[in-house]
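Below are the chains, spelled out letter by letter.
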Amino acid sequence: MIDLKGKTALVTGAGTRVGAEIALALGAAGMQVAVHYHGSQQGAEQACRAIEQLGGSAFALHADLYDEAQARGLVAAVLARGAGLDLLVASAANFDRVQLREVKQRDWER
């Protein structure tokens, strides 16, 4: 097993569901976890507290990943913490509902 202690992970979409569980597991394994959220600030803050209760280190970061500048800023914010970035978990998702006959190019890109 790889030793993750002291490494830093960025988990996108970590305010809810699978992303939050992944963030918790990585925090429990000793990683510092950057908990990304877009609309789930409360969930991201709860995930950070849970990681810290397990003895880990975590911080929440907001970014709209549909905005390229914000996505780049998210990585820059992690790197600004000085610990580097050892692992990226791309767990962010959207749940937009669109009827098949109404799908536009923008929907596919999202």
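Please refer to the structure higher up on the page.
Quick summary incoming for the structure in this document.

Criteria and cut-off values
Residues numbered from 1 in each chain as written. Predicted model: local features only at pLDDT ≥ 70, side-chain atom pairs only at ≥ 80, totals over all residues. Heavy atoms only, no water. Patch = residues over 30% accessible without salt bridge, like charges linked within 9 Å, V, L, I, M, F, W, Y side chains within 5 Å. Areas by Shrake-Rupley, 256 points an atom, 1.4 Å probe, with all protein chains shown as cover. Salt bridge = Lys/Arg side-chain N within 4 Å of Asp/Glu carboxyl O. Helix = DSSP H or I, 4+ residues; strand = E, 2+ residues; numbered from the N terminus. Pairing = 2+ DSSP bridges. Right-handed = clockwise from strand over helix to strand, strands pointing away. Core = buried A, V, L, I, M, F, W, Y, C linked by side-chain atoms within 4.5 Å. Buried < 20%, exposed > 50% of the residue type's maximum accessible area, 1.4 Å probe, protein only. Contact = heavy atoms within 4.5 Å.

Together, Val75, Leu79 and Leu85 give the surface a local cluster of nonpolar side chains, amounting to about 210 Å² of exposed area. Inspection of the secondary structure puts Val75 in helix H3 (residues 68-80).

In the sheet, strand E2 (residues 32-37) pairs with strand E3 (residues 57-62) via 6 bridges, with the strands oriented parallel. Residue pairing for E3: Val35 is matched across the bridge by Ala60. Note on the crossover from E2 through helix H2 (residues 41-53) to E3: the handedness is right-handed.

Moving on, we come to the nonpolar core. By size, the foremost hydrophobic cluster in this structure holds 15 residues, and its most contacted members are Val11, Ala23, Leu26, Val33, Val35, Ile51 and Ala58. Contributions of two or more residues to this core are made by strand E1 (8-11), helix H1 (17-28), E2 and H2. Setting aside chain neighbours within four positions, we find Ile51 in contact with Ala23, Leu24, Gly27, Val33, Val35, Gly56, Ser57 and Ala58. In this structure, Leu10, Ala34, Leu74 and Val78 belong to the second largest nonpolar core, which totals 7 residues.

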